[in-house]
Amino acid sequence: MDNRNSNTPSSDGPAPTLTVRVIMQGKEVGSIIGKKGDNIKKYREESGAKINISDGSCPERIVTVTGHPDTIYKAFGMISKKLEEDILSGPNINAPKPPVTVRLIIPASQCGSLIGKGGCKIKEIREVSGASIQVASEILPNSTERAVTVSGTADAITQCVYHICCVMLESPPKGATIPYRPKSASLPPVIFTGGQPYTIPGHMAMQASPHEMAKMAHLAHISHIGQMSPLLGGAQALPGSAAIPAGICCL
């Protein structure tokens, strides 16, 4: 059901342009881009919106959609349906499926208008769209923005995003906005000595836990520890880390 007309800002001039930013994980982004970029090219052409994706060195990626509300509506319609298809085609077909969830990034100064007096506006958007919508109480790190999480069917999310866009146009952000930028995945220094891995928090070498090693192996795409070059006294080190001979602590 299309409920866009009930919340469209009136304008006698050209349709206003808006930018909506979304936090996504790498797997979701890969699905949106598609093989050789076929999906994202299709979304751009059919919606008329500009769709850009942030650098791939971070676990979190930012998908930026720019256009007037109708083009954003079309773009999110296609993006949400793709995310829904991925969920429905996943393993355990007969098991209950979670709803589609997207995390929008909204300037904190606009969140009050989105919530409305006594929560009336956010309640209205929930009722009109059928989606669940939650505004985070905390500011995203090193920014002046908050995450707004929207969950539901693909259609419900598309409707909800459209109405959020209308609120953003009616109530522009106040003051300067510091955008949220995900941090790159960073690896702590790690050494191997005497056949044991050690991390170096601060200035003291400590034996790495299995959880730490699994995380570091995942981030660095380490397939075989044996590929590392042997160093002094049987010690081994990852690229960029210091080697410490066996039996010696880094103080």
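This text follows the structure it describes.
This structure is a prediction, so every number in the text was calculated from the model and none was measured.

With that settled, the discussion passes to the side chain of Glu-145. Relative to the helices and strands, Glu-145 is located in strand S6 (residues 145-152). Among the residues examined, Glu-145 registers a relative accessible area of 4% and is labelled buried. Polar contacts involving the side chain of Glu-145 include one to the side chain of Arg-21, which spans 2.8 Å. Filtering out sequence-adjacent residues up to four positions away, Glu-145 remains in contact with Arg-21, Ile-105, Ile-106, Pro-107, Ala-108, Ile-139, Leu-140, Thr-177, Ile-178, Pro-179 and Tyr-180.

Let's shift gears to the nonpolar core. Within the largest apolar cluster, 39 residues are counted, with the highest numbers of intra-cluster contacts made by Val-65, Leu-104, Val-148, Val-150 and Ile-164. Apart from the residues within four sequence positions on either side, Leu-104 is in contact with Val-20, Arg-21, Val-22, Phe-76, Arg-146, Ala-147, Val-148, Val-150, Val-161 and Ile-164. By size, the runner-up hydrophobic cluster in this structure holds six residues, among which are Ile-23, Leu-140, Ala-147 and Tyr-180.

In this structure, the largest pocket occupies an estimated 290 Å³ of space. Lining the largest pocket are Lys-27, Glu-28, Ser-31, Leu-83, Asp-86, Ile-87, Ser-89, Gly-90, Pro-91, Pro-99, Val-100 and Thr-101. Mapped by element, the contributors of at least two residues to the lining of the largest pocket are helix H1 (26-33), helix H3 (69-88) and strand S4 (100-107). Here the residues of the lining of the largest pocket sort into five nonpolar, four polar and three charged.

Before going further, it helps to spend a moment on the sheet that holds strand S5 (residues 132-135). Spatially, S2-S3-S1-S4-S6-S5 is the arrangement adopted by the six strands of the open sheet, whose pairing is antiparallel. At either end of the open sheet lies a strand with only one pairing partner, and these are strand S2 (50-53) and S5. Taking each pair of neighbouring strands and ignoring which way they run, the sheet shows an average axis angle of 25 degrees. Where S5 meets S6, four bridges bridge the pair, whose relative direction is antiparallel. When the bridges of S6 are listed, Gln-134 appears paired with Thr-149. Sheet strands touched by H3: strand S1 (18-25), S2, strand S3 (60-67) and S4. Its angle to S3, the strand with the most contacts, is close to 145 degrees. With respect to the sheet, helix H6 (residues 154-170) is in contact with S1, S4, S5 and S6, its orientation differing from that of S4 by roughly 5 degrees.

Between H1 and helix H2 (residues 38-47), the shortest axis-to-axis distance is 5 Å and the interhelical angle comes to 65 degrees. In terms of axis orientation, H1 runs roughly perpendicular to H2. In this structure, H1 uses Ser-31, Ile-32 and Ile-33 to contact H2, whose residues at the interface are Asp-38, Asn-39, Ile-40 and Tyr-43.

The rules behind the values
- Residues numbered from 1 in each chain as written.
- Predicted model: local features only at pLDDT ≥ 70, side-chain atom pairs only at ≥ 80, totals over all residues.
- Heavy atoms only, no water.
- Helix = DSSP H or I, 4+ residues; strand = E, 2+ residues; numbered from the N terminus.
- Buried < 20%, exposed > 50% of the residue type's maximum accessible area, 1.4 Å probe, protein only.
- Polar contact = N/O pair within 3.5 Å; in protein donor to acceptor, adjacent residues only side chain to side chain.
- Contact = heavy atoms within 4.5 Å.
- Core = buried A, V, L, I, M, F, W, Y, C linked by side-chain atoms within 4.5 Å.
- 1 Å grid on protein atoms, 1.4 Å probe; cavity = no way out; pocket = protein on both sides within 12 Å on 5 of 7 lines; lining within 4 Å.
- Points joined across faces, edges and corners; volume = space filled by probe spheres on them.
- Nonpolar A, V, L, I, M, F, W, Y, C, P; charged D, E, K, R; others polar.
- Pairing = 2+ DSSP bridges.
- Axes fitted to C-alpha atoms, helices over the stretch in contact; angles between N-to-C directions.
- Parallel < 35°, antiparallel > 145°, perpendicular 65-115°, else oblique.

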